[in-house]
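# Remarks on the overall topology
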Amino acid sequence: MVWNLPGVPWLIAHKSMLQVNKPKMFTICGKDYVLWKNERGEVSALENICPHMGAKLSDGWICPNTNTIACPFHALEFDNEGRAILPNDKISKPLAKPLELFFQGDFIWTYANETPKLPIPDVLEKLSSQYRYIGSTKEVTIKAPFLDVLEINHDLNHAKGTHREVFRINSTKVDDFQDNGYYSISKIRHFRAENTLKEYLKNPSLLFTPKVLGLVLENYFPSLVVVYTDTPVGKAIQVFIIYPETETTTRTFIPIFAEKSFGILNPLLEKSTIKSTEEIIHQDGGMLETLYPRFEPKIRLENEEPVHWVRKHYYSWNDLTPLPCKGRGENSELLII
Ligand code: FES
Ligand SMILES: [Fe+2]
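Residues numbered from 1 in each chain as written. Chains lettered and ligands numbered in written order. Predicted model: local features only at pLDDT ≥ 70, side-chain atom pairs only at ≥ 80, totals over all residues. Heavy atoms only, no water.

### Quick look at the domain arrangement of the protein chain
Heads up, the condition is: Each domain span listed reflects an automatic or database assignment of domains. Working rule for contacts: check all heavy atoms of both residues, and any pair within 4.5 Å makes them a contact. A simple way to read buried area is as the amount of 1.4 Å-probe accessible surface that goes missing from two parts once joined, with both sides added.
Partitioning the protein chain into domains gives domain 1 (10–104) and domain 2 (121–315). Taken residue by residue, the interface counts 14 residues in domain 1 and 18 residues in domain 2. Across the interface of domain 1 and domain 2, roughly 1,300 Å² is buried in total on both sides, 66% from carbon and sulfur atoms. Together, Trp 10, Leu 11 and Gln 104 form the three largest contributors to the area buried by domain 1 at its contact with domain 2, with a combined 49%.

Have a look at this one:
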């Protein structure tokens, strides 16, 4: 078992999360990278360490005319293949390693430069064509290992504890769990108590959160859980994204889609939906960051099949053979199921 699961496709951002010509550092599988988007919406990524003397390229700046990144230390510029721009229009050989990216509409994926073992799921393409993307929560680093966050995302019993505040969930009934290899699906119902007036005022989207909350959860091991919720104002879809940042920290964010549009009410409803989804991350993170170190549980609860499902795949990851494809990049479409 390797903590960063080499060969997993990781979703790292939606293009709207990047500002034009503004370098952004992010860490995945223990390595720092710099990501930037130009005016044409093209996204580039390099290892963040400057090959000259090790400055953080993400502290530098983008030169819009050449789509190069300038190092903050000695202002050497690098193109998106990691080649240094030299005097007299000369270009060096690649020195800074690019991070290979795969695009699905505006969603950005990477294998963290490892050989692919699982295809990139096409669910986000389907969601983008059927529903309205309303935005994403802020990205958050949870100070917990990837496996802990992976497990809570598949833990059907934690809502009445971890999410009792605000969402007032009293009990959860699991109607179905289907295991289809690296994809699984759960159908559940949360039974909620009445919210207080103060909670409604703070989170108006609770007005559209039914007392019996029917959810379908599509699990794409290990990076995505797509949660479909039926509300009186149409379906809402939250995509729980996680990736390992370091051995002890995990990055998460949740893109959100809605079935219907409400015209001038959209900004208010969208803001409130994003805010209440950020509360879910806050509650999960708060719980995970206070856990004692991992040990073998001394008791089992009902409905833990999805947790065992992720554990099984996590611990047997090394046994999975790489995908039969010629190479990353030139065949990226072959990796999409
Ligand atoms: S350290 Fe980057 S140019 Fe010198
Ligand atoms: Fe949760």
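There's more to say after this.
### Let's talk about the pairing of strand S4 (residues 43–47)
Note the following rule: A simple rule labels every residue: compare its accessible area, found with a 1.4 Å probe on the protein chains alone, to the largest value its type can have, and call it buried under 20%, exposed over 50%, or partly exposed in between. The helix and strand labels rest on DSSP assignments: H or I over at least four residues marks a helix, E over at least two residues marks a strand, and numbering proceeds from the N terminus. When DSSP finds two or more bridges between two strands, those strands count as paired.
Across the five residues that make up S4, a large majority, five, are buried. Sheet topology note: the strand S3 (residues 31–37)/S4 ladder contains five bridges and is antiparallel. Paired with Leu 35 across the two strands is Ala 45, which belongs to S4. Here S3 hands over to S4 after five residues, with Gly 41 in that stretch at a positive phi of 85 degrees.

### Notes on the nonpolar core
Where a protein is soluble and globular, its nonpolar side chains tend to be buried together. The condition that has to hold: Buried residues of nine kinds, namely Ala, Val, Leu, Ile, Met, Phe, Trp, Tyr and Cys, make up a nonpolar core once their side-chain atoms join them within 4.5 Å.
Ranked by internal contacts, the top residues of the largest apolar core, which has 53 residues, are Ile 28, Leu 124, Leu 127, Phe 221, Leu 224, Val 226 and Val 239. Of the residues that make up this core, three or more belong to each of domain 1 (10–104) and domain 2 (121–315). Ignoring any residue separated from it by four or fewer positions in sequence, one finds Ile 28 in contact with Trp 10, Ile 12, Tyr 33, Thr 110, Ala 112, Tyr 243, Pro 244 and Glu 245. Core analysis: the next-biggest nonpolar cluster, separate from the first, contains 22 residues, Ala 159, Ile 188, Leu 213 and Phe 240 among them.

### Things to note about the state of the cysteines
Our working rule: Cysteine sulfur atoms that pair up within 2.5 Å are treated as a disulfide.
Taken as a whole and judged by the stated rule, the model has zero disulfides. Of the cysteine sulfurs around Cys 63, a residue in no disulfide, the closest is that of Cys 71, at 11 Å.

### Focus on the sheet that holds S4
Under the convention used in this document: In this analysis an axis means a line fitted to C-alpha atoms, helices contributing only their contacting stretch, and an angle means the value between N-to-C directions, from 0 to 180 degrees.
The antiparallel open sheet is built from three strands, whose spatial order is S2-S3-S4. In the strand order of this sheet, the two ends are held by strand S2 (24–28) and S4, each with one partner. Across the sheet, the mean angle separating the axes of adjacent strands is 30 degrees when strand polarity is ignored. Where S2 and S3 come together, five bridges link them in antiparallel fashion. Along S3, the bridge assignment pairs Thr 27 with Asp 32.

### Focus: the pairing of strand S15 (residues 183–192)
For strand S14 (residues 169–180) and S15, the ladder comprises ten bridges, and the chain directions are antiparallel. Considered in S15, the bridge of Val 174 is made with Ile 188. Between the antiparallel neighbours S14 and S15 lie two residues, among them Gly 181 with a positive phi of about 70 degrees. Summarising the sheet, S15 and strand S16 (residues 212–220) pair through nine bridges and their orientation is antiparallel. By the bridge assignment, Arg 189 is partnered in S16 with Gly 214.

### Some words on the coordination of the iron ion (ligand 2)
Convention followed: The donor definition counts N, O and S atoms within 2.8 Å of each metal and applies 3.2 Å to Na, K and Ca; water is not among these atoms, so some sites may look incomplete. The rule is simple: four donors are tetrahedral if all their angles sit between 85 and 135 degrees, four are square planar and six octahedral if opposite donors span more than 155 degrees and the others lie between 65 and 115, and anything that fits none of that is irregular.
At this site the iron ion (ligand 2) is bound by His 158 (NE2), His 163 (NE2), Asp 284 (OD) and Asp 284 (OD), with donor distances of 2.1 to 2.5 Å. Metal-centred angles of 55 to 138 degrees between the four donor atoms at the iron ion (ligand 2) mark the site as irregular.

### Considerations on helix H6 (residues 305–315)
The line we're drawing: By construction, the arc corresponds to the directions joining the helix axis to the C-beta atoms.
Buried within H6 are the following residues: Pro 306, Val 307, Trp 309, Val 310, His 313 and Tyr 314. The buried residues of H6 occupy one face: seen down the axis, they fall within an arc of 155 degrees. Those residues of H6 hidden inside the fold are in contact with helix H2 (146–152), S14, S15 and S16.

### Quick word on the environment of Val 8
Tracing the chain through its elements places Val 8 in the segment before strand S1 (10–14). Residues Val 8 and Tyr 33 lie 25 residues apart in sequence; the distance between their C-alpha atoms is 17 Å.

### Overview of the packing of aromatic side chains
The test is simple: Between rings of Phe, Tyr and Trp, where Trp is taken as its six-membered ring, a pair exists when centres lie within 6.5 Å; planes separated by under 30 degrees are stacked, by over 60 edge-to-face, and by other angles tilted.
Under the counting rule described, the total for this entry stands at 13 aromatic pairs. Seen in terms of ring centroids, Phe 221 and Trp 309 are 6.1 Å apart; in terms of plane orientation they differ by 85 degrees. Their pairing is edge-to-face. Here Phe 221, found in the loop between S16 and strand S17 (224–231), pairs with Trp 309, found in helix H6; they are 88 residues apart in sequence, far enough to count as distant. By relative accessible area, Phe 221 is classed as buried at 5%. The class of Trp 309 is buried, set by a relative accessible area of 2%. A ring pair is formed by Tyr 314 and Tyr 315, whose centres lie 5.3 Å apart and whose planes are at 90 degrees; its orientation type is edge-to-face. Under the relative-accessibility criterion, Tyr 314 is labelled buried at 4%. For Tyr 315, a relative accessible area of 44% translates into the label partly exposed. Among the aromatic residues, those joined into a cluster by ring pairs are Tyr 182, Phe 221, Trp 309 and Trp 317.

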